[in-house]
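One-letter residues, chain by chain:
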Amino acid sequence: MTDIERVGVVGGGLMGSGIAEVMARAAKDVVVVESSPTAVDAAHGRLEASLKRAEARGKIDSAADVLARIRVVDDLTAMADRQLVVEAIVEDEHAKTSLFAELDRVVTDPAAILASNTSSIPIMKLAVATSRPSNVLGVHFFNPVPVLSLVELVPSLMTDEATTERARAFVQDDLGKHAIDCQDRAGFVVNALLIPFVLSAIRMFESGFASAEDIDSGLVRGAAHPQGPLALADLIGLDTVKAVAESLYEEFKEPLYAAPPLLARMVDAGLLGRKTGRGFYTY
C-alpha cells in the first residue's frame, strides 16, 4: 500500500464517478468536485446507484460505508489537502489546461500528483500549465471503471520517474488495477488502436455498406468481440470518439484518424450515444 490516502477527482460524470468509486472502495478519503449544485446532486446520485448495484451483486459489503468516504462539492479549493488529484472533465484542451493551472494554485502539497484521465490530449500540454510539471502525468482509466482493470500510465518528458512509480504503486497496490506504460503520444496505446477501428465501422455504416446491427453482429459473432464497434462508440460517447479522433489526426495527419462526416453531424445534433439516449442505437 502507498502513503496516498487523500484523493480528489475533478468531474463527476461517468468516468469521474467511476474513478471516485474505485478509490473509495479501496478505503481512500475521496473528494469529488463538480461545476454546480445540480451537477453535485447528479454525481452523488450516480455514485449511490452504482454502489447499490455493487452491493446487490455481492461486490462490496455496504454501499453506505463506501459512500460515506466520498464528499461531492462544487468548490475546487476542496482539493487543497489532496495527495493525488485526477482530472476527469470534458475532453477539451483549453478546459483541461485551465483546470491544471488552477489545481497548481490550489493544491498545497508540493509532492501531490496531478493526474489526467484524458483519452488523447498530450500530457505535456497539461504539465506546462503548472509550475510543477514533474508531478503531472496521465492516469487513464477505462469505462466502466469499477469493472475494467486496465489503467494507462502516461508520463510526459518532464515527469519525474518517482512520480510515475508512485502512481503505478497506487494504481496496482491500492486500487488493484493493471497498469501499462504509454508514451505521451495522442491516443496512448488503447485509443490509438481502437479509434481507427471504430471510425472504420462508422464509415462502413455511413456508406450504406451494412446496417449498424449487421456490422456489430459480425464482429461479435465472427470475431468474438464482447460488443460491436458502433455499440462501443455509443458507450464511449460519440463526442469523446470525435475528440479523440481529432487529437489523433492533429498529431499524425493520417487519414484513418479523420472523423467521418456522419460522426460530426451526430455530435452536432446531440446524438451522443447512451448518455443522451440515442446514437447509432436508441436507449
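For the structure itself, look to the data block above.
Bear in mind the structure is a predicted one, so any value in this text is a computation, not a measurement. (Residues numbered from 1 in each chain as written. Predicted model: local features only at pLDDT ≥ 70, side-chain atom pairs only at ≥ 80, totals over all residues. Heavy atoms only, no water.)

Draft legend 1. Structural view of the pairing of strand β7 (residues 150-155). Pairing of strand β6 (residues 136-141) with β7 involves 5 bridges; the strand directions are antiparallel. Across the sheet, the residue bridging to leucine 137 is proline 155, located in β7. Since β7 and strand β8 (residues 178-181) lie parallel, the crossover through helix α6 (residues 161-174) that links them has a hand, and here it is right-handed. (Pairing = 2+ DSSP bridges. Helix = DSSP H or I, 4+ residues; strand = E, 2+ residues; numbered from the N terminus. Right-handed = clockwise from strand over helix to strand, strands pointing away.)

Draft legend 2. Structural context of the packing of aromatic side chains. For the coordinates displayed, the defined rule picks out 2 aromatic pairs. Taking the centre distance of 5.6 Å and the plane angle of 85° together, the rings of phenylalanine 205 and phenylalanine 280 count as edge-to-face. A residue pair is termed long-range when its members are at least 10 positions apart, and phenylalanine 205 in helix α7 (residues 190-206) and phenylalanine 280 in the segment after α11 (261-268) qualify at 75 residues. With centroids separated by 5.6 Å and ring planes inclined at 40°, the aromatic side chains of phenylalanine 252 and tyrosine 257 adopt a geometry described as tilted. Taking relative accessible area as the criterion, tyrosine 257 reaches 12% and is therefore assigned buried. (Phe/Tyr/Trp six-rings, centres within 6.5 Å; stacked < 30°, edge-to-face > 60°. Buried < 20%, exposed > 50% of the residue type's maximum accessible area, 1.4 Å probe, protein only.)

Draft legend 3. A look at the pattern of salt bridges. Tallying each qualifying case throughout the model produces 17 salt bridges. The partner of lysine 242 in a salt bridge is glutamate 246, with the nearest N and O atoms 2.7 Å apart. Placement of both lysine 242 and glutamate 246 in helix α10 (residues 238-252) is noted, with a separation of 4 residues, approximately one turn of the helix. By relative accessible area, which is 18% here, lysine 242 ends up buried. For glutamate 246, a relative accessible area of 41% translates into the label partly exposed. Taken together, the shared-partner salt bridges connect Arg6, Asp29, Asp81 and Arg82 into one network. (Salt bridge = Lys/Arg side-chain N within 4 Å of Asp/Glu carboxyl O.)

Draft legend 4. Examining the sheet that holds strand β1 (residues 6-10) more closely. Strand order in this open sheet of 8 strands is β3-β2-β1-β4-β5-β6-β7-β8, and the pairing throughout is mixed. The open sheet has two free edges, formed respectively by β3 (70-73) and β8, since each of these has just one partner strand. Averaged over all neighbouring strand pairs, the angle between strand axes comes to 25°, with direction disregarded. In this sheet, β3 lies alongside strand β2 (residues 29-33) in parallel orientation, the contact comprising 4 bridges. Counterpart to valine 31 in the pairing with β3 is arginine 71. (Axes fitted to C-alpha atoms, helices over the stretch in contact; angles between N-to-C directions.)

Draft legend 5. Just the environment of valine 107, in detail. Inspection of the secondary structure assignment puts valine 107 in the loop between α4 (93-106) and β5 (113-116). Taking the relative accessible area as the measure of exposure, valine 107 reaches 4% and is therefore buried. Distance in space between the C-alpha atoms of valine 107 and methionine 79 is 5.9 Å, their sequence separation being 28 residues. The residues contacting valine 107, other than those within four sequence positions of it, are Met79, Ala80, Arg82, Val85, Ala112, Leu114 and Arg132. (Contact = heavy atoms within 4.5 Å.)

Draft legend 6. How the structure looks around the packing of helix α1 (residues 14-25) against helix α2 (residues 37-56). Packing of α1 against α2 brings their axes to within 10 Å, and their N-to-C directions diverge by 50°. Taken together, the axis directions place α1 and α2 in an arrangement best described as oblique. In the crossing of α1 with α2, the sense of the turn from one axis to the other is right-handed. Side by side, α1 and α2 meet where Leu14, Ser17, Ala20, Glu21 and Arg25 of the first sit next to Arg46, Leu47, Ser50, Leu51 and Ala54 of the second. Classifying every residue of the contact of α1 with α2 by side-chain character gives 5 nonpolar, 2 polar and 3 charged. (Parallel < 35°, antiparallel > 145°, perpendicular 65-115°, else oblique. Left-handed = near helix turned anticlockwise from the far one by under 90°. Nonpolar A, V, L, I, M, F, W, Y, C, P; charged D, E, K, R; others polar.)

Draft legend 7. Geometry of the nonpolar core. Counting 38 residues, the largest nonpolar core has Ile19, Met23, Val30, Leu84 and Val139 as the members making the most contacts within it. With residues up to four places along the chain from it excluded, the contact list for isoleucine 19 reads Val9, Val86, Ala88, Asn117, Phe141 and Val145. By size, the runner-up hydrophobic cluster in this structure holds 25 residues, among which are Ala186, Ile195, Leu232 and Ala245. (Core = buried A, V, L, I, M, F, W, Y, C linked by side-chain atoms within 4.5 Å.)

Draft legend 8. Structural detail: the packing of α10 against α11. Axis separation between α10 and α11 bottoms out at 9 Å; the angle between their running directions is 130°. It follows from the interaxial angle that α10 and α11 lie oblique. Here α10 runs over α11; the crossing is left-handed. Side by side, α10 and α11 meet where Leu238, Asp239, Val241 and Lys242 of the first sit next to Leu263, Ala264, Met266 and Val267 of the second. Class assignment for the residues of the contact of α10 with α11 results in 6 nonpolar, no polar and 2 charged.

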